[in-house]
Structures are given as structure tokens and as C-alpha cells.
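Here's the letter readout for the chains.
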Amino acid sequence: MNTDNTAGLHVHLKQAAPISLDAEFHCATGELIVLVGPSGSGKSTILRCIAGLTMAKTGVVRFNETAWLDTDLGIHLAPQKRSVGMVFQHYALFPHLSALDNITVVLNEASRNNREQRARELLSFVNLQGLESRRPSELSGGQQQRVALARSLARDPEVLLLDEPFSAVDQITRRKLQLELARLRQQLKMPIVLVTHDLDEACILADRMCVLHHGRSLQAGAPADVMSRPDSDSVARLVGLTNVFAGEVIKQQSEPQITLLRWANYTLECRHRPEIRPGETVSWIIPPQQVILHRRDRPSRGERENPVEGVIRDFVVLGGDVSITMFVEDNPDLPLSLTLSSHVAYRNHLGMGEHITVSLLAHGIHLMPQR
Amino acid sequence: MDWSALALSLELAAWTTAILVPVGVVIGRTLARRQFVAKGIVEALIALPLVLPPTVLGFYLLVAFSGASPLGQIYEMLVGQPLVFSFQGLLLASLIFNLPFAVQPVQRAFESLPGDIREAAWCCGMSSWRTFRSIEFPLVWTGVLSAMVLTFAHTLGEFGVVLMVGGNIPGETQTIAISIYDRVQALQDQQAALMSAILLAFSFATISFIYIMNNRTRRRREY
């Protein structure tokens, strides 16, 4: 099996059963990669394969030059032999031991004093001074998570694995812990792999995110790139994008450089994608923010850009914004979402059943060749 | 009061507990942790002494230990004396009929442990032995204690199997339960009452001890 030899953690796993896996990604030293996908997408299984708790049928897990798993060579190191630290979803703290002893018990230093001193350092690293003698049941969810993080760092791991580490705490604590992790990771010079189903969390924390579905890694990249330029309609839907449609490229135009797309009864001007041949069917997306309402009282020049008509079929006020879904040409198969400030919506007298015209900004249209 | 019968019962109970509890820990932990095809059958076999009439079990053990069986022949060839109606035969039978008392409390204790605790210990670099010693055992020790106490108490009180396999040889195979039976048959009610009271007090004390320990452990885990 081919492997990437660059420094850091390289993972390539493949199996058909019991859980289908076909995932490949790389995480450089100092980088935080987030594996994101819905429940059952194989995220936690991949993490367990990296830790050595589950063995994939075929695959490679390599840290720098050391193979932790290489099924071709018959290598499968036990978790103890892999230099990983892992924070489990429900922390898996040892319930009979204090916060301090949860850490001292895993340390290898010979003397009790050295072990205690190191454990205190780790607890202070995660801001838990003063709670050393408390048992896990006497700690809040956030404090338990910090003990779990401190314990995972006790063996000086070379790779840190975090399995949905914020899922068991309330929203305020979650945001606080996310900020703390973002701060702490600047001092952790190791690849960090975090698993979550929370897209917002992925976007906040990730240097890169890897989108998984049914055990397959569909796309890896910076969160902003994945969210704005998904590789496929599957990725677009998995990362929660609306306005995913199919169309046909009809022409590549060189002056100005645009790609023309046939969609419903419209010909849309799109961001130039010269590699797509005319006649090819593509999926395409446009973010709701790139759909611009035509003002009824004051038409502007911008309205010549991909004008599309439809009827408002959903109108939801969300704080200061309004989320609108219009059916293009009143066709329920063509629901187009846009977001407006509520004052714009009211000034234009928008509401359910109103007929409106919008522009689809050409630079906001992202074409995705179908594979 | 038949002191020799009491001493024999205590000796039998001590040996049974000492041998069976480590075996119970290994079997109980394996059954709690592993899934395999014949697991239901193995669990049923272990639980069988709980539902089988002691005379039935005693009958099969008597047949299996007799000089006509391969086991009885091999034992007699090696040791030079028959297995049936001996203390060793009684001990072997005791190990078999006490198996559920040694295995089940330990198995339940291991089953109550969250599965990821062991894995967390491994991911922290702890060996399987260190994980067992420092993490698993302190969390299941009340189950092991229950197994010890139940095995000991049940051995003291067992009647049917002991009578079938060991007979009723004073000083060799006559336990306190059989001695009580003998006293009743001989109309020595006072002695039978005294020995019965001792067994009753001991059984009540051990069972109370188990319940108190289990309640304390549950309270500690809950708060």
C-alpha cells in the first residue's frame, strides 16, 4: 500500500465490514485535523484504529517513519506501544481515583513524589489547580474533560486523539473548553485528530477538516475551502449547504472569462471553470448570502446578473435576519434559499406567497463535476 | 457438638474458596468481556448446579469419580487411593458445584465496568496486568469478595452432593451438614439444634456482610 512519507501522522484504512472504511488523510505535526460527519460515518472507528483499539482489515497508520499499523507487513502495535494520548467521548476517568491519582496511576516515574509533581503540573496545565483530591463524580463535566485531557498528555504522546470531547457538556461550557483547547494546542507540538459531528466546532477548531460519509473520506481541506468549494454535492449536503442543484455546462466563454450553465429555463453565468467540457452535467451550489434580492422600489444595474424569479414558500424570522425559501418559477423541485436582514424584508413587503426576483451572483456559483 | 465435622467443613470451605475464586475471576472476566459462539452454553453449564437437584449432580459426580471411570482410574493410579469417599473427591465435587457462586458475582462486577476504562488505561500506556491490578480489580473487588463469601458459606451448607460423593466417614468426609442429619436421625436434637444455630448465624452474617458491602459500593458510585 502506498504511503505518504512526510512527517506527521498518515492514515489510510480500508475494509468492507463490520464497518465500511475507505479513509485516507494526513495530519502534520502541530496541525489539528477534524474528522467530521454524521453519526455512523466511521469517525470514532478511525480514531480507534489510530489508537490501536480496533484493527482495520487493511491499512496503514504511520507516525513519521514508524509504522503503527501496516497490514501488508503484518505490523499491528498494541495501544501501549503507540505514542498516543486519547480523550474519550465520556472521558473514561477511573472513578475510584482522585483527579490527581487518575494521572499518577498512569505515570511511569519511579518515585511517588516525582509522579505527583508531574501530575500536578499537568493539572495546572489544564487549569485544574485546587481540585486534585476530588473524585470524578465530584467534578463537573467540564472539569472531568480537563482531567481526561491532562491524563492523555501524561505519557508525553506524539499524537493526540480527541473523540467528541465536548459532546457531554452544556453549550456554555463547550464554548469555554473549545477556547481552552485552541489556546492549549499552541503549546502542543503534535498532530491532533479531533472527531465531531458538530460543523461549527469543526470550523472553529480545525486547521483542516476531513469530511466522512459511510467510512469514506470525501474531502479534506481548510474549513473555509470545504464549506465554500465542496468537491461534490454529497460533501455540500454533509456540511449543511443548501441551494445544491444540477445543471449542464453549455459554453466556456473566454472574454469575459465565464462558464455558462443551463439550469431550469435559465442560462447562468458562473465563475470560470475551463476544465469542465460543454455538455457535461454538473452539480452546483450558491450560498444563500450570494443570492441578492431585487428591490421593487429601486432597480439597479446588478439585476442583469443571473436574474431568477420565484414565489416565497417559506419565511422564517431568526433574530435580526429572515430566512426565505422561494420556489423558482413556483416549482417545488427548485427551492432556492436566501438570507436577508429583517428590515430589508419588511421594507420590500416580503411575505409568504409574494412573487420576487433575485440575482445569483456569478462569483458565488460553484460548479462540481459529477463523478 | 461435633467439632471434627465443623473443622472438616471449614477446611473444605477454605480449600474450595482458595482454589475456586481465582478461577472464578478468570472465567467471570472472560465471560464479561468476550463474545463467542458458545457463550450461552458455557454460562448455562456454569449455572447448572443452581437448578439441578444436588442428588442428580452428586450421582453424576459419583459415576465420574468411581473406579470404573477414566478419571477415577487415573486418580487411583497416580495417588494410590480411590477418589470417591475421600476428602480430595469431596473437594473436587465442591469445586464443581460451587462454580456459579464463584463466577457469577465476579462476572456481574466486570460487566458493570464501563468498557472504555480499560481502553483508556491502555491508551495511557498501562500494560494489561497493570490495568487489571490498578484499575479493574479495585472496581470489582466487592464482586470478588461476594464470590469468596458465597463460595465459603455454600460449601459449609452443602448436603446432597457431599453425601453422594463423600459418603459419611467421620473425620474424612463427614461435614457439619451431614453431622446435623446424623444427630437428628439419632434423636440427639440438642446437638443438632446447636450445630444448626451455628450454621444459621454464620450464613446470616455472611449474607448480611455481602449486602452491606454492595450497598456501600453502590452509594459510593452514585454520589
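Residues numbered from 1 in each chain as written. Chains lettered and ligands numbered in written order. Predicted model: local features only at pLDDT ≥ 70, side-chain atom pairs only at ≥ 80, totals over all residues.

**Considering the overall build of chain B**
Consideration 1: On a plain count of helices and strands, chain B comes out with 11 helices and 0 strands.
Consideration 2: Scanning chain B from its N terminus toward the C terminus, one meets helices and strands in the order α-α-α-α-α-α-α-α-α-α-α.
Consideration 3: Principal axes of the C-alpha set define a box for chain B whose edges measure 65 × 40 × 25 Å. (Helix = DSSP H or I, 4+ residues; strand = E, 2+ residues; numbered from the N terminus.)

**Some words on the confidence of the model for chain A**
Consideration 1: Chain-level statistics for chain A give a pLDDT mean of 89 and a share of 96% at 70 or above.
Consideration 2: Averaged over each element, pLDDT in chain A is lowest for helix α5 (residues 171-184) of chain A (87) and highest for strand β8 (residues 159-163) of chain A (95). (pLDDT = per-residue confidence, 0-100.)

**Things to note about the sheet that holds strand β20 (residues 355-360) of chain A**
All names here are of chain A.
Consideration 1: Judged by pairing direction, the sheet is antiparallel, and its 5 strands sit side by side in the order β16-β20-β17-β18-β19 without closing on themselves. If you trace the sheet from one side to the other, it starts and ends with β16 (291-293) and β19 (335-341), each paired once. Within the sheet, the average angular offset between the axes of one strand and its neighbour, ignoring direction, is 45°.
Consideration 2: Looking at chain direction, strand β18 (residues 321-328) and β19 are connected through 7 bridges and run antiparallel. Bridge pairing in β19 links I324 to L338. (Pairing = 2+ DSSP bridges. Axes fitted to C-alpha atoms, helices over the stretch in contact; angles between N-to-C directions.)

**Comments concerning unusual backbone geometry**
Consideration 1: A cis amide bond links A17(A) to the next residue, P18(A), at an omega of 0°.
Consideration 2: Among the structural elements, P18(A) can be located in the loop between β1 (9-15) and β2 (21-27).
Consideration 3: Residues E255(A) and P256(A) are joined by a peptide bond in cis, for which omega reads -5°.
Consideration 4: Looking at the secondary structure, you find P256(A) in the loop between β12 (244-253) and β13 (258-263).
Consideration 5: The phi dihedral of L187(B) is positive, around 60°, even though this residue is not glycine.

**Some words on the interface of chain A and chain B**
Consideration 1: Opposite the 18 residues of chain A that make contact, chain B presents 17 residues.
Consideration 2: Its residues assigned to classes, the side of chain A that touches chain B comprises 12 nonpolar, 4 polar and 2 charged. (Contact = placed C-beta atoms within 7 Å. Nonpolar A, V, L, I, M, F, W, Y, C, P; charged D, E, K, R; others polar.)

**Remarks on the domain arrangement of chain A**
Consideration 1: Each assigned domain of chain A is listed with its residue range as follows: domain 1 (9-238) and domain 2 (293-361).
Consideration 2: Each of domain 1 of chain A and domain 2 of chain A has a C-alpha centre, and the two are 43 Å apart. (Domains from an automatic or database assignment.)

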